[in-house]
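Results of the structural survey
Below, each chain spelled out in residue letters.
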Amino acid sequence: MRIRLEPRKAQSPAALYGAPVAAIALTMLTGMVLFTLMGFRGGTAVFEIFIEPLLEPERWPDIAVKASPLVMIATGLAIGFRANVWNIGAEGQYIVGAIAGTGVALATYGVDGWWVLPLMLLASIIGGAAWAAIPAILRIRLKVSEILTSLMLTYVALQLLYYLVRGPWRDPEGYNFPQTRMFDEAQTMPNLLEGTQLHAGVLLTLIAVLIAWFVMSRTLSGYQVRVVGLAPMAARLGGFSEKRTVMMTMLVSGALAGLAGLIECSATFGQLTPQFPVNYGFTAIIVAFLGRLHPIGVLVGGVALATSYIGADIAQTASALPQAATGLIQAMMLFFLLGVDILVVNRVRLRPSLAQHAP
Amino acid sequence: MAETTTRLELSGITKRFGEVLANDGVSLVARKGEIKALIGENGAGKSTLVKIIYGVQQADAGEMRFEGAHVVVTSPRAARKLGIGMVFQHFSLFEPMTVLENIAIGMDQALDRRKLEREVTAILAAYALPLDIHRHVDTLSVGERQRIEIVRCLLQKPKLLIMDEPTSVLTPQEADQLFDTLRKLASEGCTVLYISHKLNEIKALCASATILRGGRVVGECDPRIETPRRIAEMMIGAELAHVERARGRTPGGARLVVERLSVSTDEPFGTKLEAISFEARAGEILGIAGVAGNGQKELMLALSGETAAPARAVRLDGAAIGSLPPPARRKRGLCALPEERNDHAAVATFSLAENTLLTARERKALSAKGVIKTGAMRDYARRVIDAFKVATTGADAPARSLSGGNLQKFVVGREILQEPQVLVVDQPTWGVDAGAAAAIRQALVDLAGRGSAVILVSQDLDELLSLCDRLYVMNDGRLSRPLTVGEASIEEIGLLMGGVHGQTDKAHARGDHAH
């Protein structure tokens, strides 16, 4: 008996959209078993991680704030992934975006004006895009895989951040802590809801999602991205340049990652610190796939992942779950999603390996 | 008595793919030493049926008897063990390796190299197959490559040999040679199951034929007695529409002029175009004949704009357009339709409506300022579907849900309804059923009748001779002198297709085996 995977003739849309749901269900189930075996109350812990944050309205702003950078980055990544452009280095673009925006903040320190924050946002967009342009140019000119270069540039960006906060940009009144000055009022993302963390960055994320949805489904540019990803030969016939598509999608995903970086830096930390990058750039890859590379799906996927972040915090205090549980849950989600996806595209066939002569 | 002469007997073979019944209770009998034709439109279920016989797919119901015994063939390997061989339309060969190395790789049991070489040489001699076993495959013609596949089968001493549309890529001379081999095999008692679209060759080769339509057997006949027209009508189940060709068309001035077009290729086994010159006149259908892989694909890409050339090498109504990208060429009136339907002429997963956007957006204003006009896109798709009688559930049906013939009608229609000044099409009726092929041919004739220039690249000589006013033969990246249809003989065209270069190669290969 051999086990074989055979491509399905037709994929059902229900299976396509059901896959992420199934992956989350499997993650919950496995989590339950795993946490129980580790000596925790598995059922309660999983409930705390996935369900409880959604039941408590006072947690919703936290979920939104947590989901915001994930969704913004994943929206950009999903566009690239559609075109088979594999930007794995959003984390680096996120950092460089924050650095560029902080540069403007430090240069305008003490200046009061409505234009300061928009200028910071613009700088972060340019910074993130520029960092993403490096792997794009390397792929277009030298056929170097953007997967490797974008990933490696993440570590360069981290070192750049460490250098800046320890060297030229260190807060002169900061007792030698490796961090910049606190941003002042004009440099901070405005708060949307008194008494919560909800900030204007969440709105920017929603706007980005809507624009991405419109561009991908209603414009020639979005059509171009999809054709290049699905059928490169057809793209050539249509007159869509693959190189231009690589550049365009890398710039967009870099720009959104950079913007998310500055928003996080300004709204949550109020300064540039080495603690601010927490792998949102990598987690966003999971969000993009959970969301089926569709902007609206990404929004849902981002909320799901943010919920698990918030929920894991609850479980840490309530059920004494270790912090590593967050990473475990996220890894399982991607693992199960990829696994379920294989079964959506293929079916498993058991077949005997030799000819049989019937009696 | 029947027991002793029957080799293969199928009864009630049924195979379902989703909602489509590919085979519906198919029964047929093939005797020893018989060349049996299996004919039918595309999608009639021929390929599915032979794949079931060869063990590539399993039937949902029905019975297969081979040499009188009930068998269940679960894999091609099991089929070969029984003595069933198959030559597919697309070869599985490694181009950088030699003929012998390719044969050795394909063997079920590893064989000593020297012993294998002896056996292969013996088979080549026995069937008078010219083939140099030490040549690298990438230097071989398609006919020679096919011989490798045939030798692979013959090494297994098959009792049943299945040939899936074997002549679609051969020159007339190569096809004749293949027929000799098959007749010899049959005279030795091997059964040949022969799938083809070409009714004339079935008439020449086969003594009996099973005709499939919509997955069912609709008739058995002796093709030597029936007229090709009658067989074709049984196949499509309707009276065959005649292509109305306006005889005595007087072509107007030159619309597309190609002058000393040379294009190098970056594909490892691509063909370099060398100083191609021709002109296509208003109101004419100009044919480009030739065996696949002689530069037709490269010529198509250079004409469509997918590869750039010097500006003056391609001129449309006097304007130098050789360096323009495809959208700019379409805007000026040059539309091009490549051979491959799936993911070149159309995106398989996109809807038909979305597929109009690929090449019709410029001339049909399907977008404005970068925003897609969804309504206009759907309307245009519907117009194409109606005008070309495309069988589909509608403009939102994904392209891959259509049969090959219907998708081809759609993409041809998408170009023709744009009323281009010049239309270049590559193999528009390849792998398309007779009904769709007739509709497509008629549409091309009508377009030329309205004053456009049509350039038809095809390997089907019958098609070229029945549609074209003039034709060129392409060989090794070069064009022959122009031939006027009606004056050139099939033999002459066949020789040009083989090229002088191909002839010396064959003589060389024959000399090698004459020891």
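The numbering scheme is per chain: residues are counted from 1 as the chain's sequence reads. As they are written, the chains are lettered A onward and the ligands numbered 1 onward, keeping that order. Only residues with pLDDT of 70 or above have their local features reported here, since the model is predicted, and side-chain atom pairs are shown and tallied only from 80 upward, although totals for entire chains, interfaces and linings are computed over all residues.

1. Comments concerning the overall build of chain A
Defined as follows: For the purposes of this entry, the term helix denotes a DSSP run of H or I that reaches at least four residues, the term strand denotes a run of E that reaches at least two, and both are numbered from the N terminus. We compute the radius of gyration over the C-alpha atoms and compare it with the globule rule, which gives 2.2 Å times the number of residues raised to the power 0.38. Counting other C-beta atoms within 10 Å of its own, a residue is labelled buried from 20 upward, exposed at 12 or fewer, and partly exposed in the gap between, with every C-beta atom placed from the backbone. What counts as a contact here is a pair of residues whose C-beta atoms, placed from the backbone, lie within 7 Å.
For chain A, the count of helices and strands is 14 helices and 2 strands. Here the C-alpha atoms of chain A give a radius of gyration of 22 Å, agreeing with the 21 Å that 2.2 N^0.38 yields for 359 residues. For chain A, the spread of C-alpha atoms along the three principal axes comes to 90 × 60 × 35 Å. Every one of the 359 residues in chain A was classed for burial, and the buried ones make up 48%. Contacts spanning at least 24 positions in sequence make up 78% of the contacts within chain A whose residues lie at least 6 apart.

2. Looking at the environment of Phe410 of chain B
All names here are of chain B. Along the chain, Phe410 falls in helix α14 (residues 404-416). Separated by 47 residues in the primary sequence, Phe410 and Arg363 place their C-alpha atoms 17 Å from one another. Contacts of Phe410, omitting those with residues within four sequence positions, involve Leu352, Val384, Ile385, Phe388, Val390 and Leu402.

3. With respect to the pairing of strand β7 (residues 160-164) of chain B
Residue and element names in this part refer to chain B. Quick reminder of the rule: When DSSP finds two or more bridges between two strands, those strands count as paired.
Within β7, 5 of the 5 residues are buried, which leaves the element mostly enclosed by the surrounding structure. Every second residue of β7 is oriented toward a common face, with Leu160, Ile162 and Asp164 on one face and Leu161 and Met163 on the other, all of them buried. Where strand β6 (residues 84-87) lies against β7, 4 bridges are found, and the strand directions are parallel. Note that in β7 the partner of Ile84 across the bridge is Leu160.

4. Here we look at the sheet that holds strand β12 (residues 273-281) of chain B
Residue and element names in this part refer to chain B. Heads up, the rule is: Lines fitted to the C-alpha atoms define the axes, with helices restricted to the stretch that makes contact. Angles between their N-to-C directions range from 0 to 180 degrees.
Reading across from one edge, β12-β11-β14-β15 is the order of the 4 strands in this open sheet, with antiparallel pairing throughout. Bordering the open sheet on either side are β12 and β15 (319-320), each of which pairs with just one other strand. Packed onto the sheet, helix α10 (residues 296-304) meets β11 (254-263), β12 and β14 (314-316) and runs at close to 60° relative to β12.

5. Digging into the packing of helix α12 (residues 352-360) of chain B against helix α13 (residues 374-387) of chain B
All names here are of chain B. The following threshold applies: Any angle between 65 and 115 degrees counts as roughly perpendicular, while under 35 counts as roughly parallel, over 145 as roughly antiparallel, and the rest as oblique. Polar here means any residue outside two lists: the nonpolar Ala, Val, Leu, Ile, Met, Phe, Trp, Tyr, Cys and Pro, and the charged Asp, Glu, Lys and Arg; Gly therefore counts as polar.
Across the interface, α12 lies against α13 with an axial gap of 8 Å and an inter-helix angle of 95°. The orientation of α12 with respect to α13, classified from their angle, is roughly perpendicular. Residues Leu352, Ala353, Thr356, Leu357 and Ala360 of α12 lie in contact with α13, whose contacting residues are Met377, Arg378, Tyr380, Ala381 and Ile385. When its residues are assigned to classes, the contact of α12 with α13 shows 8 nonpolar, 1 polar and 1 charged.

6. A few points about the interface of chain A and chain B
On the side of chain B, 29 residues touch chain A, which itself brings 23 residues to the contact. The set of elements that each furnish at least two residues to the side of chain A that touches chain B consists of α9 (220-230) and α10 (232-238) of chain A.

7. Thoughts on the sheet that holds strand β9 (residues 208-213) of chain B
Residues and elements named next belong to chain B. Reading across from one edge, β6-β7-β8-β3-β9-β10 is the order of the 6 strands in this open sheet, with mixed pairing throughout. Across the chains shown, the open sheet's two edge strands, defined by having one partner strand only, are β6 and β10 (216-221). Averaged over neighbouring strand pairs, the angle between their axes works out to 20° when direction is ignored. Where strand β3 (residues 35-40) and strand β8 (residues 191-195) come together, 4 bridges link them in parallel fashion. Paired with Ile35 across the strands is Val192, a residue of β8. Set on the sheet, helix α6 (residues 142-155) makes contact with β6 and β7; between it and β6 the angle comes to about 175°.

8. Structural notes on unusual backbone geometry
Of note in the backbone geometry, Asn279 of chain A takes a positive phi value of approximately 65° without being a glycine. Within the secondary structure, Asn279 of chain A is located in the loop between α11 (242-269) and α12 (280-290). Positive phi, normally seen in glycine, also occurs at Lys389 of chain B, with a value near 50°. Inspection of the secondary structure assignment puts Lys389 of chain B in the loop between α13 and α14. What makes Lys389 of chain B exposed here is the crowd of 12 C-beta atoms within 10 Å.

9. Comments concerning the nonpolar core
Our working rule: As used throughout, a nonpolar core is a set of buried Ala, Val, Leu, Ile, Met, Phe, Trp, Tyr and Cys residues joined through C-beta atoms within 7 Å of each other.
Core analysis: the largest hydrophobic core is formed by 255 residues, its most contacted members being Ile73 and Ala288 of chain A together with Leu456 of chain B. If you tally residues by element for this core, the top one is α11 of chain A, at 14 residues. Sequence-distant contacts of Leu456 of chain B, defined by excluding residues within four places in its chain, comprise Ile285, Leu286, Gly287, Val425, Leu444, Leu464, Leu467 and Cys468 of chain B.

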